[in-house]
Amino acid sequence: MESVTPSQNNWLQKVWFSVRIPFLAIILALIVGAVVLLVSGSNPLEAYAQLFKGAFGSLKNFQRVLEKSTPLIFSGLAVALGFKAGLFNIGAQGQLLLGAIIAGFVGFSIKGLPSYVHIPLALLCGIVAGALYGAIPGLLKAFSGAHEVITTIMLNYIAINLTDYLSDGPWKDMSPGNIVSRLPAIEESAKIGTIGPVPIGFIVAVLIAFLIWFVINRTTFGFEINSVGLNPHASKYAGMRTKVLIIAALIVSGALAGLGGAVETQGVVGRYQPGFNAGIGFDGITVALLARNSPIAVIASSLLLGAMKGGANTMQFYANVPNEIIDIIQGTMLLFVTAEMVVRWVFKMRKRSETEITVTAGWGQR
Amino acid sequence: MDTLDLTNDKTTEATKMTGKETLILEARNIYKTFPGTIANADVSLELHRGEVLALLGENGAGKSTLMNVIYGLYTQDSGEIFLNGEPYSINNPHDAIAAGIGMVHQHFMLVPVFTVLENVMLGAETCRGPFLNKKAAEAKLRQLEKSFGLEVDPHAIIEELPVGLQQRVEILKALYRDVEILIMDEPTAVLTPQETEELFKIMRRLTERGVSIVFITHKLKEVLEIADRIIIMRRGHVVGSATPAETDEHGLASMMVGREVILEVDKLPAEPGDTVLEVKQLNVHDANQLHSVKDCSLSVRAGEVLGVAGVQGNGQSELVEAITGLRRYNSGEIWIDGKRMPQEKPRVLVENGMAHIPEDRQKHGLILQYPLTSNFVLCNYYREPYSRHGVLNAEAILKNADALIERFDVRTPSAETSAGDLSGGNQQKVIVGRELSRDVSLVIANQPTRGLDVGSIEYIHQTLIDMRDAGVGVLLVSSELDEIMSVSDRIAVMYRGEIVDVLDARDANREHIGLLMAGHA
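Residues numbered from 1 in each chain as written. Chains lettered and ligands numbered in written order. Predicted model: local features only at pLDDT ≥ 70, side-chain atom pairs only at ≥ 80, totals over all residues. Heavy atoms only, no water.

## Here's the deal with the interface of chain A and chain B
Here is step 1: Taken together, the contact pairs 20 residues of chain A with 29 residues of chain B.
Here is step 2: Taken over both partners, the interface formed by chain A and chain B buries close to 2,100 Å², and the fraction arising from carbon and sulfur atoms is 62%.
Here is step 3: When residues of chain A are sorted by the area they lose upon contact with chain B, Thr220, Phe223 and Tyr237 of chain A head the list and together hold 35% of the total.
Here is step 4: For the pair chain A and chain B, the number of links is one salt bridge.
Here is step 5: Close ionic contact of glutamate 344 of chain B with lysine 236 of chain A constitutes a salt bridge, the shortest N to O distance being 2.6 Å.
Here is step 6: In this structure, the connection of chain A to chain B is made through 16 residue pairs in polar contact (both at pLDDT 80 or more).
Here is step 7: Among the elements of the structure, helix H7 (200-218), helix H8 (220-230) and helix H9 (232-237) of chain A are those that each provide at least two residues to the side of chain A that touches chain B.
Here is step 8: In terms of residue count, H8 of chain A provides more of the side of chain A that touches chain B than any other element does, six residues in total.
Here is step 9: Residues belonging to the side of chain A that touches chain B are distributed by class as follows: seven nonpolar, nine polar and four charged. (Contact = heavy atoms within 4.5 Å. Buried area = accessible area lost by both parts, 1.4 Å probe. Salt bridge = Lys/Arg side-chain N within 4 Å of Asp/Glu carboxyl O. Polar contact = N/O pair within 3.5 Å; in protein donor to acceptor, adjacent residues only side chain to side chain. Helix = DSSP H or I, 4+ residues; strand = E, 2+ residues; numbered from the N terminus. Nonpolar A, V, L, I, M, F, W, Y, C, P; charged D, E, K, R; others polar.)

## Brief notes about helix H15 (residues 424-436) of chain B
Residue and element names in this part refer to chain B.
Here is step 1: The end-to-end C-alpha distance of H15 is 18 Å, a good match for the 18 Å that 13 residues give at a rise of 1.5 Å each.
Here is step 2: Judged by how many residues are buried, H15 sits mostly within the fold: twelve of 13 residues are covered.
Here is step 3: Along H15, the positions that sit buried rather than exposed are Gly425, Asn426, Gln427, Gln428, Lys429, Val430, Ile431, Val432, Gly433, Arg434, Glu435 and Leu436. (Expected span 1.5 Å × (residues − 1). Buried < 20%, exposed > 50% of the residue type's maximum accessible area, 1.4 Å probe, protein only.)

## A few points about the sheet that holds strand S3 (residues 52-57) of chain B
Residue and element names in this part refer to chain B.
Here is step 1: An order of S6-S9-S10-S3-S11-S12 is seen for the six strands of this open sheet, with the pairing classed as mixed. Both outer strands of the open sheet, strand S6 (101-104) and strand S12 (237-242), are each paired with one neighbouring strand and no more. Neighbouring strand axes in the sheet, compared pairwise and without regard to direction, differ in orientation by 20° on average.
Here is step 2: Examined bridge by bridge, strand S9 (residues 181-185) and strand S10 (residues 212-217) share five bridges and lie parallel to one another. Residue pairing across strands places leucine 182 opposite isoleucine 213, the latter belonging to S10.
Here is step 3: Along the sheet, helix H9 (residues 249-257) makes contact with S3, strand S11 (229-234) and S12, crossing S11 at roughly 35°. (Pairing = 2+ DSSP bridges. Axes fitted to C-alpha atoms, helices over the stretch in contact; angles between N-to-C directions.)

## Some remarks on the pattern of salt bridges
Residues and elements named next belong to chain B.
Here is step 1: Tallied over the entire structure, the rule returns 31 salt bridges over all chains.
Here is step 2: Glutamate 170 is the salt-bridge partner of lysine 173, the closest N and O atoms lying 3.7 Å from each other. Separated by three residues within a single helix, lysine 173 and glutamate 170 lie in helix H6 (residues 163-176), roughly one turn from each other.
Here is step 3: Of the residues examined, lysine 173 reaches a relative accessible area of 15% and is grouped as buried.
Here is step 4: Residue class for glutamate 170 comes out buried when judged on its relative accessible area of 3%.
Here is step 5: Its salt-bridge partner being glutamate 344, residue arginine 328 comes within 3.1 Å of it at the nearest N-O pair. Taken together, the positions of arginine 328 in the loop between helix H10 (316-323) and strand S16 (331-336) and glutamate 344 in the loop between strand S17 (339-340) and helix H11 (346-351) put the pair 16 residues apart, joining distant regions of the chain.

## Structural notes on the domain arrangement of chain B
Here is step 1: We note that the domain assignment places domain 1 (2-109 + 180-257), domain 2 (262-353 + 441-521) and domain 3 (363-438) within chain B.
Here is step 2: A straight line from the C-alpha centre of domain 1 of chain B to that of domain 3 of chain B covers 40 Å. (Domains from an automatic or database assignment.)

## Describing the side chain of serine 167 of chain A
Here is step 1: On the secondary structure map, serine 167 of chain A appears in helix H6 (residues 148-168).
Here is step 2: Ignoring anything within four residues of it in the chain, the contact list for serine 167 of chain A reads Lys172, Ser181, Arg182, Leu183, Tyr272 and Pro274 of chain A.

## Quick word on the nonpolar core
Generally speaking, a soluble globular protein has its nonpolar side chains buried in company with each other.
Here is step 1: Core analysis: the biggest nonpolar cluster contains 67 residues, and Leu372, Phe376, Val410, Val443, Ile491 and Ile513 of chain B have the highest contact counts within it.
Here is step 2: For this core, the element with the most residues is helix H14 (residues 394-407) of chain B, which contributes five residues.
Here is step 3: Each of domain 2 (262-353 + 441-521) and domain 3 (363-438) of chain B contributes no fewer than three residues to this core.
Here is step 4: Beyond its immediate chain neighbours, meaning those up to four positions away, valine 443 of chain B contacts Ala355, Ile357, Leu436, Leu464, Met467, Val472, Gly473, Val474 and Leu475 of chain B.
Here is step 5: By size, the runner-up hydrophobic cluster in this structure holds 63 residues, among which are Ile73, Ile119, Ala205 and Val287 of chain A. (Core = buried A, V, L, I, M, F, W, Y, C linked by side-chain atoms within 4.5 Å.)

## Considering the confidence of the model for chain B
Here is step 1: Across chain B, the average pLDDT comes to 87, with 95% of residues at or above 70.
Here is step 2: Of the regions scoring below 50 in pLDDT, residues 1-20 of chain B engages in 21 contacts with residues more than four places distant in sequence or in other chains. (pLDDT = per-residue confidence, 0-100.)

## A word on empty space enclosed by the protein
Here is step 1: Summed over the entire model, instances satisfying the criterion amount to three cavities of 30 Å³ or more.
Here is step 2: Here the largest cavity defines a volume of roughly 60 Å³.
Here is step 3: Tyr237 of chain A together with Thr324, Leu326, Pro346, Val350, Met354, His356, Cys379, Glu435 and Arg438 of chain B are the residues that line the largest cavity.
Here is step 4: Those elements giving two or more residues to the lining of the largest cavity turn out to be H11 and strand S18 (354-357) of chain B. (1 Å grid on protein atoms, 1.4 Å probe; cavity = no way out; pocket = protein on both sides within 12 Å on 5 of 7 lines; lining within 4 Å. Points joined across faces, edges and corners; volume = space filled by probe spheres on them.)

Okay, structure coming up:
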């Protein structure tokens, strides 16, 4: 027993070392949120209690948390994978929208398929749409040096307007009485169900997270992605095709976001409708940063954000606190995670050691 | 005008004063620690008026830390500094300059597109109302130039001047601010032997005028030539002092390293075989379409070392980058073992038996955040046994790292340690180990010993010679002429992107190579 303890301690220490900054950032954000609540005349304890109840108070509530978390896992993975390759993929939102609308189109327009064909087909089309849309900034970066932050932001606008046009134009739901812009509901055969309270989409997301973990940490492709992200010069020296890797990373990133959109359409919304996916891609940035780009931790940080989103309505209703407080807490969290210095200062921690993960490696380096 | 009078006064004072009274700067018991390292431990030194004090030590010995403390870039943890007998506390270089302390950095702090005059004025502008008074400044500068014999055209643009003259501008900058103490950090690193001689003449003129100089270096020959007194530092401590008359290169080297060192590389005559590397008419243009490398042709045979000598920045880096596939070349051909090599394909080169020890080990040679295990397979991670069907084999990678750490004597806590946590010498051993443990026929080593301690330098030289003796062709590029001369069998000299001559190392002499490096063919 004695001989085992030190290594266990070591292991625990390691885990604590890598989670302490996000963990403390969450605590700080909740404190800031409490202050805001106090100032606006609410009781923060009651608000947080209602938030918790709203998220975990019943099986149904918990199912909603899982539903909210699912697309966040996908977009979080998309952003995290980009970071691993030294790329800041702000375009997860656009890639996700295209995945969602294409899955929605395949879901309603093809009829008479058995679900074991229809579901994967629609998902696959969503993946391909996201991947192709992710390839654009990759190609632009590799061949013209255009920075992916700029191009993905612009591509987001294109995606938003393109999907708005399609859902109010050629693919609009023409069923009698419908006046809003949206696609027709997908066929039953394209819908993804649940196992008990757990949405199948959530299970898929968790499995994909483990798959991405494996790819990044255990495969030669992952080795190359990490290398390019940490040191593109040494990667070129080592004979890696850095341009191809940049494109590949953004394609996989786009595919993940596209899959997230498709799962949302087929598993939660049941059709494509503008506005239903708003912000998920951007929340992916928060998720990835909170998770410090670890695919497994992405699951945890998605659940946290999902719980806050899921519990928000209850909090608003019973504690009479506006929903926007959630955005404030989420934003503060992100601020503290990125401004790590502040957290260290508040908790009087020593400077980062070299072995810790640098979340921001590669930003604007090229 | 003021400056002139002042310096004249100083000279007379200096000649009058003797013994303790000439003490101008004194550091007592300086301690400075950084997390994990003690940079200075109980370091004391005295600097007298009008002397050249050489601060000798290997990289990481604490020389620069000490000078940065005196120049106000760092604050010491404990210990005191006295200037002219008064306690002196300095928080930034601005205070230091005001107190009469100037520093010439290893990397010049000049604005390349400004003129000499503008650079000298910068930060100490003489103004008339809101406008610069360039006339007054120019008069002062010309006076300085004349009185110290440091002629430079005040209206020349910095980037058009040779390095030796740029350094002169740095010195003028300090003199313009009326410094009495000049700290020079490795000033000869970028100079040809002739330029070095010229610098030494200037240094002597400065000391005659009462300026005191701290000369930081790791080059033994230079210390013996120019210094009045020598202080030797090792691992943060002052380990000894000497005058040039009392000591010689061997004595200094063993004090610096802490044991006997072999300064010459022991080697048998080369037995060259077939040509392994053939470079034909290589041309590399820079971003402005100017030639970085011009019509370069060279060949390296198996079992010989071809050294490429030259002052830094004469196209050596571009030449090596083109040969090793890191940079596109505009025309020319590169052949390895009789096979034409494609452009910009490092992996093809590696698979054809090339090993590359890159100039910048932290930029190209290593991924600092990676553990040694990953760095040791950086160029062949995709091959069996390190990877199978696209999945890495952690066990084989670890085994490889353990074996290489053992064989190349890398000092590291474990194979899982990040490369960035190792010292420069050990980082270089990781690269050397990785590159030379493969089955190679050609080694390209660019500045392989830059910034390393004497022990590591010995080791790397010996390893290169061992490779040569095993029938490998070696292309060694270095701006350290001593290194080129002691390791190479043939020496090519580069000047402004061209190979101006190739000599047999046996009948090459320093002076002749120095002239070639400076463009006097």
